[in-house]
Amino acid sequence: LTHRGLVSSAGRPREDSWLKSLFVRKVDPRKDAHSNLLAKRETSSLYKLQIHNVKPECLEAYNKLCQEVLPKIHEEKHYPCALVGTWNTWYGEQDQAVHLWRYEGGYPALNEVMNKLRQNQEFTAFRKERGNMLLSRKNQLLLEFSFWNEPVPREGPNIYELRSYQLRPGTMIEWGNYWARAIRFRQDSNEAVGGFFSQIGQLYMVHHLWAYKDLQTREDIRNAAWHKPGWDELVYYTVPLIQEMESRIMIPLKISPLQ
């Protein structure tokens, strides 16, 4: 027994070292926040993604209400914000509305808009009426990847796909490095609308927004990417970074700048 104990004690440091090698990974130290490394430096825009789950019987009334009120905020010169796009989910979660806003000037612009809206009686009434139509709602504050297109108004008709990725914590820089190259494979047909990553809300979330003429065009464009040398390798390396992913096919409302 004594001999067994001595052997065990003598072997423990080597065993501990081997175990640590499984769980300890060297990290490249960085001197800047991920947001500063990945976001566009030439702009200070902040984006807000709103997702509303609407009572099925209320979706038509919800859309009508939004189309009456949201353009007034979008067109008001005293509000430093712009409606980028507004949609209903066609395939994915049903009876769902998705809104994307841009705040020119970052967090100060967001605060300015929120403070002004609190004093806006029409918007207060809108929120109250809208609240009676909702089952749930959530939002995220996002920054724009530096290597993606700027989401600008476009003519339709188009369908839109919002692909949302929940990444493993600590992999955002790695994702950005791969997609800075991957995006070049997906711009031939002008389908790339915008790419964003979360700052507040559910973290380590990435959203890619694409526009297609129809579902068959989407299928053709995505299949064509696999014939381009290098695309398969980039997919191979990015897939392990993902914990969960979701695809929404969306139809724009009449007031959406992205048609």
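Rules of the game
- Residues numbered from 1 in each chain as written.
- Predicted model: local features only at pLDDT ≥ 70, side-chain atom pairs only at ≥ 80, totals over all residues.
- Heavy atoms only, no water.
- Helix = DSSP H or I, 4+ residues; strand = E, 2+ residues; numbered from the N terminus.
- Buried < 20%, exposed > 50% of the residue type's maximum accessible area, 1.4 Å probe, protein only.
- Polar contact = N/O pair within 3.5 Å; in protein donor to acceptor, adjacent residues only side chain to side chain.
- Pairing = 2+ DSSP bridges.
- Axes fitted to C-alpha atoms, helices over the stretch in contact; angles between N-to-C directions.
- Contact = heavy atoms within 4.5 Å.
- Salt bridge = Lys/Arg side-chain N within 4 Å of Asp/Glu carboxyl O.

A. Representation of the environment of R184 in the model. Considering the arrangement of structural elements, one finds R184 in the loop between helix 6 (172-182) and strand 6 (192-200). With relative accessibility at 55%, the residue R184 sits in the exposed group. It is 9.4 Å that separates the C-alpha atoms of R184 and F147, two residues lying 37 residues apart in sequence. Among the polar contacts made by the side chain of R184, one reaches the main-chain carbonyl oxygen of R181 at a distance of 3.2 Å.

B. Examining the sheet that holds strand 2 (residues 81-91) more closely. In space, the eight strands of this closed barrel follow the order 1-3-2-8-5-7-6-4, with antiparallel pairing throughout. This sheet shows a mean twist of 35 degrees between the axes of neighbouring strands, independent of strand direction. In the sheet, strand 1 (residues 46-54) pairs with strand 4 (residues 134-144) via eight bridges, with the strands oriented antiparallel. Paired with L49 across the bridge in strand 4 is Q140. The sheet strands contacting helix 6 are strand 5 (159-167), strand 6, strand 7 (205-212) and strand 8 (242-252), and the helix crosses strand 7 at an angle near 25 degrees.

C. The arrangement of unusual backbone geometry in detail. The linkage connecting G156 with the following residue, P157, adopts the cis geometry, with an omega of 5 degrees. Here Y204, not a glycine, exhibits a phi torsion of approximately 55 degrees, which is positive. Position of Y204 among the secondary structure elements: in the loop between strand 6 and strand 7. Overall, Y204 belongs to the partly exposed group, its relative accessible area being 26%.

D. Looking closely at the pairing of strand 1. Counting buried positions along strand 1 gives nine out of nine residues, so the element sits mostly inside the fold. Going residue by residue along strand 1, you find L46, K48, Q50, H52 and V54 tucked away on one face and Y47, L49, I51 and N53 tucked away on the opposite face as well. Where strand 1 meets strand 3 (residues 96-103), eight bridges bridge the pair, whose relative direction is antiparallel. The residue bridging H52 from the neighbouring strand is A97, located in strand 3.

E. Fine view of the pattern of salt bridges. One pass over the full model with this rule turns up nine salt bridges. A salt bridge links E112 to K116; the nearest nitrogen and oxygen atoms lie 3.0 Å apart. With E112 and K116 both in helix 4 (residues 107-118), this residue pair falls four residues apart, about one helical turn. Its salt-bridge partner being R186, residue E191 comes within 3.2 Å of it at the nearest N-O pair. R186 sits in the buried class, given a relative accessible area of 2%.

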